[in-house]
Amino acid sequence: VPGGLASEYVAKMKVGDEVNFTGPWGKCLFKTPVADQVLFICTGSGLSQHLSFLFSDTPNFPNTKFHMLIGVGNEAEVFYHEELKAAKDRNKNFDYHWVISRPTTQWAGKKGWVTHFINDFDYKNISTHVYLCGRGEMIKGAKEVLVDQNGFAKENLIIENFG
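Residues numbered from 1 in each chain as written. Predicted model: local features only at pLDDT ≥ 70, side-chain atom pairs only at ≥ 80, totals over all residues. Heavy atoms only, no water.

Caption draft 1: How the structure looks around the side chain of Thr-43. Following the sequence through the fold, Thr-43 ends up in strand β1 (residues 37-43). The exposure class of Thr-43 is buried, given its relative accessible area of 16%. Every residue in contact with Thr-43, bar those within four places of it in the chain, is listed here: Gly-71, Val-114, Cys-133, Gly-134, Arg-135 and Met-138. (Helix = DSSP H or I, 4+ residues; strand = E, 2+ residues; numbered from the N terminus. Buried < 20%, exposed > 50% of the residue type's maximum accessible area, 1.4 Å probe, protein only. Contact = heavy atoms within 4.5 Å.)

Caption draft 2: Here's a closer look at helix α4 (residues 136-149). Here α4 spans 18 Å end to end across 14 residues, near enough to the 20 Å set by a 1.5 Å rise per residue. Its axis deflected by about 30° at Lys-143, α4 carries its strongest bend there. Elements that come into contact with the buried residues of α4 comprise β1, β5 (128-134) and β6 (157-161). Immediately beyond the C-terminal end of α4, within one or two residues, lies Gly-151, with a positive phi of roughly 70°. (Expected span 1.5 Å × (residues − 1). Bend = angle between axes of the 7 residues up to and from the residue.)

Caption draft 3: Structural context of the pattern of salt bridges. Within the structure shown, the criterion is met by three salt bridges. For Asp-120, the salt bridge is made with Lys-110, and the minimal N-O distance between the two is 3.6 Å. Placement of Asp-120 in the loop between β4 (110-111) and β5 and of Lys-110 in strand β4 is noted, with a sequence separation of ten residues between them. Taking relative accessible area as the criterion, Lys-110 reaches 23% and is therefore assigned partly exposed. (Salt bridge = Lys/Arg side-chain N within 4 Å of Asp/Glu carboxyl O.)

Caption draft 4: Representation of the environment of Thr-105 within the structure. Mapped onto the elements of the fold, Thr-105 is located in the loop between β3 (94-100) and β4. The class for Thr-105 is exposed, based on a relative accessible area of 75%. A distance of 3.3 Å separates a polar atom in the side chain of Thr-105 from a polar atom in the side chain of Gln-106. (Polar contact = N/O pair within 3.5 Å; in protein donor to acceptor, adjacent residues only side chain to side chain.)

Caption draft 5: Local environment of the packing of aromatic side chains. All chains considered together, the criterion is met by eleven aromatic pairs. Both rings, one in Tyr-123 and one in Phe-152, keep their centres 5.7 Å apart while their planes meet at 85°; by these two values the pair is edge-to-face. Separated by 29 residues along the polypeptide, Tyr-123 in the loop between β4 and β5 and Phe-152 in the loop between α4 and β6 bring together distant segments of the chain. A single burial state applies to Tyr-123 and to Phe-152, both of which are buried. By the ring-pair criterion, three or more aromatic residues cluster together here, those being Phe-30, Phe-40, Phe-53, Phe-61, Phe-66 and Tyr-131. (Phe/Tyr/Trp six-rings, centres within 6.5 Å; stacked < 30°, edge-to-face > 60°.)

Caption draft 6: Expanded view of the sheet that holds β4. With parallel pairing, six strands are arranged side by side in an open sheet as β4-β3-β2-β1-β5-β6. Each having just a single partner strand, β4 and β6 make up the two edges of the open sheet. Of the strands in this sheet, β1, β2 (65-72), β3, β5 and β6 are in contact with helix α2 (residues 47-56), which crosses β1 at around 150°. Helix-sheet contacts for α4 involve β1, β5 and β6, and the interaxial angle to β5 is about 160°. (Pairing = 2+ DSSP bridges. Axes fitted to C-alpha atoms, helices over the stretch in contact; angles between N-to-C directions.)

Caption draft 7: Structural detail: the packing of α2 against helix α3 (residues 81-90). In the contact formed by α2 and α3, the axes pass within 11 Å of each other and the chain directions differ by 30°. In this view, α2 runs roughly parallel relative to α3, as classed from their interaxial angle. Between α2 and α3 lies a crossing whose hand is left-handed. Across the interface between the two elements, Leu-47, Leu-51, Leu-54 and Phe-55 of α2 pack against Glu-83, Leu-84, Ala-87 and Arg-90 of α3. Residues that form the contact of α2 with α3 fall into these classes: six nonpolar, no polar and two charged. (Parallel < 35°, antiparallel > 145°, perpendicular 65-115°, else oblique. Left-handed = near helix turned anticlockwise from the far one by under 90°. Nonpolar A, V, L, I, M, F, W, Y, C, P; charged D, E, K, R; others polar.)

Here it is as C-alpha cells:
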C-alpha cells in the first residue's frame, strides 16, 4: 500500500534483514456447538477473520445458515469479491451483502452502516451466534441493536474489536 507504514518498512528492507514482531492477540475462535444460524458482521479488514471461519469451519456445518454483512466506505474498498462469490457457489446456506457508507450514485446495493441491516435476520426466533469484527464504533452499535434493543444473549456474541 503506497504510504502504508508496514509497506514502506518492508520496501526498504534488504535480503537477510531480520524482522521482530508479535502475532495477533485476539482470542476470537469459532464457537461450537454451532447455532442454527451464524451472522458474520464486519467492517473493513475485519472481513479477514470471518473469511477464515468461512473457509475453515463452515463446510463442517452444512445445515447451518451463514450470513455476512461487510461494511466499507465506498465501492473501491470492496475486496475478496471472487472468494466470496466462490464460497456462495459452494455453500447454498451462505449469503453475503456489502454495505457502503459513502456510495456513488451507481451503487445498487445496501447503503449506510452494517448495523442498519442487523434486524433483517431472524435472530430472535432462530438459535444464532453473531460474530462482530471491526471498528469499535460498529461493535458498539451492533451491541446496542442486538443486546440493548432486542435482548440478544451476550454469550452468543463473539467479538474482535479492531479499535
